[in-house]
Amino acid sequence: MTTIYHNPRCSKSRQTLELLRDKGVEPTVVEYLKTPPTREELERILEMLRMEPRNLMRRKEKEYKELGLDDPSLGREQLIDAMVAHPRLIERPIVVEGNRAAIGRPPEKVLEILS
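What counts as what
- Residues numbered from 1 in each chain as written.
- Predicted model: local features only at pLDDT ≥ 70, side-chain atom pairs only at ≥ 80, totals over all residues.
- Heavy atoms only, no water.
- Helix = DSSP H or I, 4+ residues; strand = E, 2+ residues; numbered from the N terminus.
- Buried < 20%, exposed > 50% of the residue type's maximum accessible area, 1.4 Å probe, protein only.
- Arc of directions from axis to C-beta.
- Contact = heavy atoms within 4.5 Å.
- Pairing = 2+ DSSP bridges.
- Axes fitted to C-alpha atoms, helices over the stretch in contact; angles between N-to-C directions.

Draft legend 1. Expanded view of unusual backbone geometry. Between Arg92 and the following residue, Pro93, the backbone shows a cis peptide bond with an omega angle of -15°. With respect to the element layout, Pro93 can be found in the loop between helix 4 (76–85) and strand 3 (94–97). Here Arg105 and Pro106 are connected by a cis peptide whose omega angle stands at -5°. Examined against the element boundaries, Pro106 turns out to sit in the segment after strand 4 (100–103). In this structure, Arg50 takes a positive phi of about 55° despite not being glycine.

Here is the structure:
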């Protein structure tokens, strides 16, 4: 089963979804701004991406600066809490296939995880 954490207003997210469909994959679409991932889902995604929370954050979003998330003393838990509370901070799109995940930047990157 393939899932895309999608923002329909994002061109890269739309391109990634179109690419998946062009390859015959009809993913479960999670509009993560309306239905944010839980802490557990985000932890699992980070593990699959082999990524630390700060690397999954959109650092140019106003919330990043307003919440002081550029503070290097903030730990993993605090950064994950911020992404759960403010899903706009999560880089997009994220595609999950089984126990693998990829960020669609560029969109073709997600093809690496498809079976």
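Draft legend 2. Representation of helix 2 (residues 39–49) in the model. Among all positions of helix 2, only Leu42, Ile45, Leu46, Met48 and Leu49 are buried. The buried residues of helix 2 all sit within an arc of 165° when viewed along its axis, so they share a single face. Helix 2 presents Glu40 and Glu47 as exposed residues on the side facing more than 90 degrees away from its buried surface. Considering only its buried residues, helix 2 is in contact with strand 1 (2–6), helix 4, strand 3 and strand 4.

Draft legend 3. Representation of the sheet that holds strand 3 within the structure. Spatially, the four strands line up as an open sheet ordered 2-1-3-4, and their pairing is mixed. The open sheet terminates on both sides in strands that have one partner only, identified here as strand 2 (28–31) and strand 4. Each neighbouring strand pair of the sheet contributes to a mean axis angle of 20°, computed without reference to strand direction. Note that strand 1 and strand 2 share four bridges and pair parallel. Across the sheet, the residue bridging to Thr3 is Thr28, located in strand 2. Against the sheet, helix 1 (residues 11–22) engages strand 1, strand 2 and strand 3, with an angle of about 160° to strand 1.

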